[in-house]
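Now for the letters of each chain:
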Amino acid sequence: MPGLKGRVVGQHWYTPYAFMLPGLLCYAAMFAWPAVIAIQLAFSDYDIVHPVRFSGLDNFIELGHDPRVWIALRNSLLFVVMFLPLTVVLPLFLAMLVNLKLRAIQAFRMLYYLPVITSMVAVAVAWRYVFNREGVVNWMLGLFGAGPIDFLLDRHWALPTVVLLEAWKSAGLFMMIYLAGLQAVPSEQVEAATIDGANAWQRLRHVVVPALRPTFAVTLVLSMLEAMRAFESVYVLTRGGPLDSTLTLGYYIWSKAFEDYDMGYASAVGLLLWAIMIVLAGFNLLVTRRRDV
Amino acid sequence: MRRRIALYVLLIAVAALFIGPFLILLSSATKPAGQDVFGFPPDLIPRPPVATWFREAWTTIPYARFVLNSLIYVGITIPVYLIVSALTAYPLARIAFCGRGVFFMLFLSIMFLPGELMLIPRFLVMSQLGLTDTFASVILPAILSSLGIFLLRQAFSQIPDEVVEAARVDGANEFAIFWRICIPIVAPTLAVLAILGFVSVWNSFIWPLVVLTSQSKFPIALGIAYLSGVSGTDVRGLAAGTVISLVPVVLVFLLLQKRILNSMGGAVKG
């Protein structure tokens, strides 16, 4: 590691801490302290009006008897199940497409990346025009003799539509991750396979995919965590409705905390979500580690 | 040749999927009052394109105020974010001290404290500090990110020792080395972080929604949500307002796309 040497002129024992002081203060105030409060609140019945009062495991017992938590948990898991193929598999094909050596390919990368940098609110507004009962998607369905569907008002279609929006918005990001991975695949390997008579599919299956294993690990974790905490898209598109069909854990926490002011209970649900995310990330790490051996 | 044309057709078809919704938004925002926004078959070309809805969006709600607020949030947050991140990353890369690895892990742990889960406790911290409904409350949580510290630590550690040693021999203290020598060298990384920071602050929605109560402090994304609330029926005005909110990020992106796309790849490759 360059720069890692003994004490040097102009350095005191406190020099590194002095540098980090603003960062540490911000960390303490905006991350560590809130994290401690979150845990404390989960064991309280805090409602903003009355002072924080310790209530032991009450919130967690309530959790077990609350049917809406189970609905939210189910919806969040469904979200993950629908989201993964759209963000772990499809963007690989996007990346292969924009990895071609063609003129103006950079412009296409940029266009595919555009939804990533725009705000969820703006994107949700745009989607309302597309998925409206009389919008473009329903017109296309009509050409095939199907629909029209009230995508956001139908309890069977609302969740898939929200998932699709999230996947569409982040596809460009996952594409860029894969592109970085693809560009690190040694081109000699691909060429060698071509000379050996492997077709495009065989090259993908036997050369590219194995080489991308670390990239898959990254996208899988990112995608799962993103799906588990889906909230902003739900907030701007459906507010958890219709009939709780898009009630995700993230939205449930929000509605308990900022609509019902049941901060203690909301924090307990927050801890549950947090625990699930840590387990998912840990499990993922374990699986990918084992495969590498 | 035929293969190449087929590939371009495919590339353009996929591009239509990604920018189509934005084009439909733009078409709705520029259609004259007499032309339907919805309907079968879709009538997407405005005849003739008009600017009235942009003017209307600008006047129905204090739109200029929201844009100004967002510019203030970006203008204060980004410089502070860059300075704090650089100061924090520097010793993690270039000074040997006890517990360096622990501090690095500490800052990386920010990644595992997603903003959504911090909404409630952070809101309470802000009320304890008496900062709810202030500009500071929006800015403070945005001045530290694990990505910033991670990327800058990498950039700092790649600076060759000889460059720094020369200054040390001349008697420069650590801060002078940091400020006058290392900061200019990591400028490209700072630029990338500034762009990503700009995008995320400009788009921030949920946290301002929680912590702000007075409309006069709303950033633009909250303004759009507000617009879609007050003018539920005026689909053209809402589309126009949304288009306005997209302009700055799209401009920044167009100007700096190469740098952004390369950095995204680089950041992930780590």
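Predicted model only: the values in this text are computed from it and were never measured. Chains are numbered independently. Their residues run from 1 in the order of the written sequence. For naming, the first written chain is A and the first written ligand is 1, with later ones following in the order written. Side-chain atom pairs in this predicted model are given and counted only at pLDDT of 80 or more, local residue features only at pLDDT of at least 70, and totals for whole chains, interfaces and linings cover all residues. Computation of side-chain values: all heavy atoms of the structure, hydrogens and water removed.

### Here we look at the overall build of chain B
Thought 1: When helices and strands are tallied, chain B shows 13 helices and zero strands.
Thought 2: Strands here mean DSSP runs of E at least two residues long; helices mean DSSP runs of H or I at least four residues long; both are numbered from the N terminus. Secondary structure elements in chain B, listed N-terminal to C-terminal, are α-α-α-α-α-α-α-α-α-α-α-α-α.
Thought 3: A compact globule built from 270 residues would reach a C-alpha radius of gyration of about 18 Å, whereas chain B, at 23 Å, exceeds it by more than 25%.
Thought 4: Across its three principal directions, the C-alpha atoms of chain B cover 75 × 65 × 30 Å.
Thought 5: Taking all 270 residues of chain B together, 54% fall into the buried category.
Thought 6: By definition in these notes, contact holds between two residues if any of their heavy atoms fall within 4.5 Å. When contacts within chain B are restricted to residue pairs at least 6 apart in sequence, those whose partners lie at least 24 apart make up 71%.
Thought 7: Where accessible areas are quoted, they stem from the Shrake-Rupley method and a 1.4 Å probe; at the residue level, only the protein chains shown are allowed to cover. Put simply, chain B shows about 11700 Å² of open surface, and 69% of that area lies on carbon and sulfur atoms.
Thought 8: Charged residues are defined here as Lys and Arg on the positive side and Asp and Glu on the negative side; His and the ends of the chain fall outside this count. Charge coordinates come from a single atom per side chain, which is NZ of Lys, CZ of Arg, CG of Asp or CD of Glu. For chain B, the distance from the average site of its 18 positive side-chain charges to the average site of its 11 negative ones is 8 Å. For this measure, only C-alpha atoms enter the radius of gyration; the expected value for a globule follows 2.2 Å times N^0.38, where N is the number of residues. Using a 1.4 Å probe on the protein chains alone, a residue whose accessible area is under 20% of its type maximum counts as buried, one over 50% counts as exposed, and one in between counts as partly exposed.

### With respect to the UniProt feature "domain: ABC transmembrane type-1" (unreviewed entry) in chain A
Thought 1: Per the UniProt entry, the sites bearing "domain: ABC transmembrane type-1" (unreviewed entry) are residues 73–284 of chain A in this numbering.
Thought 2: Structurally, residues 73–284 of chain A comprises 75% helix and 0% strand, and the distance from its first C-alpha atom to its last is 19 Å. UniProt positions are given in the numbering used here, feature names are shortened, and annotations may be inferred rather than shown by experiment.

### A short note on helix 4 (residues 105–117) of chain A
Residues and elements named next belong to chain A.
Thought 1: Between its first and last C-alpha, helix 4 extends 19 Å over 13 residues, near the 18 Å set by a 1.5 Å rise per residue.
Thought 2: Bend is the name given here to the angle between axes fitted to two runs of seven residues, the run ending at a residue and the run starting at it. When the local axis directions of helix 4 are compared, the greatest deviation, roughly 30°, occurs at Leu 111, which is followed within four positions by the proline Pro 115.
Thought 3: In terms of burial, helix 4 is a largely internal element, ten of the 13 residues being buried.
Thought 4: Here helix 4 has its buried residues at Ile 105, Phe 108, Arg 109, Met 110, Tyr 112, Tyr 113, Leu 114, Pro 115, Val 116 and Ile 117. Expected helix span is computed as 1.5 Å times (number of residues minus one).

### Focus: the interface of chain A and chain B
Thought 1: Each partner contributes residues to the interface: chain A has 88 residues there, and chain B has 97 residues.
Thought 2: Buried surface at the junction of chain A and chain B, both sides included, amounts to about 8600 Å², of which 79% is carbon and sulfur.
Thought 3: Any Lys or Arg side-chain nitrogen found within 4 Å of a carboxyl oxygen on Asp or Glu counts as a salt bridge. Counting the contacts that link chain A with chain B gives zero salt bridges.
Thought 4: A 3.5 Å cut-off defines polar contacts: any pair of N or O atoms within that distance qualifies, except that in protein one atom must be a possible hydrogen donor and the other a possible acceptor, and neighbouring residues in sequence count only when both atoms are side-chain atoms. Here chain A is connected to chain B by ten residue pairs in polar contact (both at pLDDT 80 or more).
Thought 5: Ranked by residues supplied to the side of chain A that touches chain B, first place goes to helix 1 (residues 15–42) of chain A with 19 residues.
Thought 6: The residue makeup of the side of chain A that touches chain B, split by class, is 66 nonpolar, 13 polar and nine charged. Buried surface area refers to the total accessible area, computed with a probe of radius 1.4 Å, that the two partners give up upon joining, counted for both partners together. For this classification, Asp, Glu, Lys and Arg are treated as charged, while Ala, Val, Leu, Ile, Met, Phe, Trp, Tyr, Cys and Pro are nonpolar and the rest, including Gly, are polar.

### What about the layout of surface pockets?
Thought 1: One number sums up the size of the second largest pocket: a volume of about 900 Å³.
Thought 2: Definitions used throughout: a 1 Å grid over protein atoms alone; a cavity as a set of points that fits a 1.4 Å probe which cannot get out; a pocket as an open set with protein on both sides within 12 Å along at least five of seven lines; a lining residue as one with an atom within 4 Å of a point. Along its surface, the second largest pocket is lined by 35 residues, and A:Trp168, B:Ala16, B:Leu17, B:Phe18 and B:Pro21 are the ones closest to its centre.
Thought 3: Secondary structure elements with two or more residues in the lining of the second largest pocket: helix 3 (67–98), helix 5 (120–130), helix 6 (136–143) and helix 7 (158–184) of chain A together with helix 1 (2–30) of chain B.
Thought 4: By residue class, the composition of the lining of the second largest pocket is 32 nonpolar, three polar and no charged. Grid points are joined across faces, edges and corners, and a volume is the space filled by probe spheres set on the points.

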